[in-house]
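The lines below spell out each chain.
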Amino acid sequence: MQFVDAHGAHIPQIGLGTMTLKDDVCVKAVKAALDMGYTHLDTAAFYANEREVGEGLRAWGGKREDVFVTTKVRENNLSPENFNKSLDQSLTNLKLPYVDLLLIHWNNKDIPFSVSVAALCAAKKDGRAKHVGVANFTTTMLDEAWAVTTEPLVCNQIEMHPYINQDTVVAASEKHGMAVVAYCPIARGKLEGGDALERIGEAHGKSAAQVSLRYLIQRGAVPIPRTATPAHQKANLDVFDFALSDAEMAEVKKLNAANMRLITPPQSPVWDIP
Ligand SMILES: NC(=O)c1ccc[n+]([C@@H]2O[C@H](COP(=O)([O-])OP(=O)(O)OC[C@H]3O[C@@H](n4cnc5c(N)ncnc54)[C@H](OP(=O)(O)O)[C@@H]3O)[C@@H](O)[C@H]2O)c1
């Protein structure tokens, strides 16, 4: 496993996404992933599966401190009181005393960063989170959050895959020394279709999904692909034994022009223009 280091956080460069994984499917998927060598799990209060993620972790039976666990507080819970309730409920669900990384899942424009980021920082100071960060923040939001934070924000978790150009927000995140965690890293499975990814994959004996993940890794990001399918879990981990050439990276980068943004809920900010 490779790692991305940011402000003291040592983040395994592939994580298991868990959105939509429920009940026993989620428990089994988490256990299977940890059994095969995953060391990074991504959940959120909103996913309503923290209980199952915690159960999968315990069913695996390895050392808690060998796994990097992320959860998130939703935008409707960013007032200090609600923030603490949400986080405490997450920890109760996970049956863990702390998470490795706690994120503001989406900003709430009605709550100033001086309030929401302070609640985030308090969770680090009192030990409920080893590290804190944000998700879905734009360049302006990053600057505003950094202006008031008392703790380093170690990552910005954003949509990133071959079909979207996130250069502006990636550069802003890197300017602040933050890791970029890539969600929807295989574009929710919409990669098939005979384009460059499959052709490049064939040259390496890899699939389009693996090329997508490898592209993100070589860009320095931390992809968190989601799957409960054992063969896909294994494939998504097997992306450290090949490298894309500069020409191949450039070819995949060209696909950014599609500007296919998959995640645009009502609480989305005005996204950065690439
Ligand atoms: N912060 C945020 O606002 C935010 C937003 C969205 C997502 N996320 C996080 O990011 C994670 C990943 O994003 P996502 O779940 O939306 O999308 P994703 O990981 O890009 O795509 C998941 C889809 O890809 C398929 N897949 C996985 N591995 C594959 C492989 N090797 N070959 C072919 N197909 C494969 C899965 O199908 P099978 O199940 O059949 O394998 C599933 O349908 C989420 O689970 C969540 O943890 C965060």
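These remarks concern the structure in this document. Predicted model only: the values in this text are computed from it and were never measured.

Cut-offs used in this document
- Sequence order sets the numbering: in each chain, residues are counted from 1 along the sequence as written.
- Note on the predicted model: pLDDT of at least 70 is required for a residue's local features to be given, and 80 or more for side-chain atom pairs to be given and counted; whole-chain, interface and lining totals, by contrast, use all residues.
- One nonpolar core equals one set of buried Ala, Val, Leu, Ile, Met, Phe, Trp, Tyr and Cys residues connected by C-beta atoms within 7 Å.
- Neighbour density around each residue's C-beta defines its exposure: 20 or more other C-beta atoms within 10 Å make it buried, 12 or fewer make it exposed, and counts between make it partly exposed, where C-beta atoms are placed from the backbone.
- By definition, residue pairs are in contact when their C-beta atoms, positioned from the backbone, come within 7 Å.
- Nearness here is judged by the C-beta atom: place it from the backbone, and if it falls within 6 Å of a molecule or strand, the residue counts as near that partner.
- Where helices and strands are cited, they refer to DSSP runs of H or I of at least four residues and of E of at least two residues respectively, numbered from the N terminus.
- Three categories are distinguished: nonpolar for Ala, Val, Leu, Ile, Met, Phe, Trp, Tyr, Cys and Pro, charged for Asp, Glu, Lys and Arg, and polar for the others, with Gly belonging to the last.
- The convention used is that axes are lines fitted to C-alpha atoms, helices contributing only their stretch in contact, and that angles between N-to-C directions extend from 0 to 180 degrees.
- With respect to orientation, any angle under 35 degrees is reported as roughly parallel, any angle over 145 as roughly antiparallel, any angle of 65 to 115 as roughly perpendicular, and every other angle as oblique.
- Working rule for handedness: look at the near helix, and if it is turned counterclockwise from the far one by less than a right angle, call the crossing left-handed; if clockwise, right-handed.

## Points about the nonpolar core
Generally speaking, soluble globular proteins have nonpolar side chains that are buried together. One finds Val 30, Leu 101, Leu 102, Val 154, Ala 179, Val 180 and Ala 182 to be the most contacted residues of the largest nonpolar core, which totals 80 residues. Other than its neighbours up to four places away in sequence, Ala 182 contacts Met 160, Leu 216, Ala 221, Val 222, Pro 223 and Ile 224.

## A word on the site of the ligand
In the region of the ligand, 27 residues are neighbours, and Gly 17, Met 19, Tyr 183, Arg 226 and Thr 227 sit closest. Considering every element that reaches the shell around the ligand, the biggest residue donor is helix H9 (residues 230-237), with three residues. Of the residues contributing to the shell around the ligand, the split by class is 13 nonpolar, eleven polar and three charged.

## Some thoughts on the packing of helix H1 (residues 23-35) against helix H2 (residues 50-60)
Where H1 meets H2, the axes come as close as 8 Å, and the angle between the chain directions of the two elements is 40°. By the criterion of interaxial angle, the relationship of H1 to H2 is oblique. Crossing of H1 against H2: the hand is right-handed. Within the contact between the two elements, H1 uses Asp 23, Cys 26, Val 27, Ala 29, Val 30, Lys 31, Leu 34 and Asp 35 and H2 uses Glu 52, Val 53, Glu 55, Gly 56, Leu 57, Ala 59 and Trp 60. Of the residues belonging to the contact of H1 with H2, the class tally is nine nonpolar, one polar and five charged.

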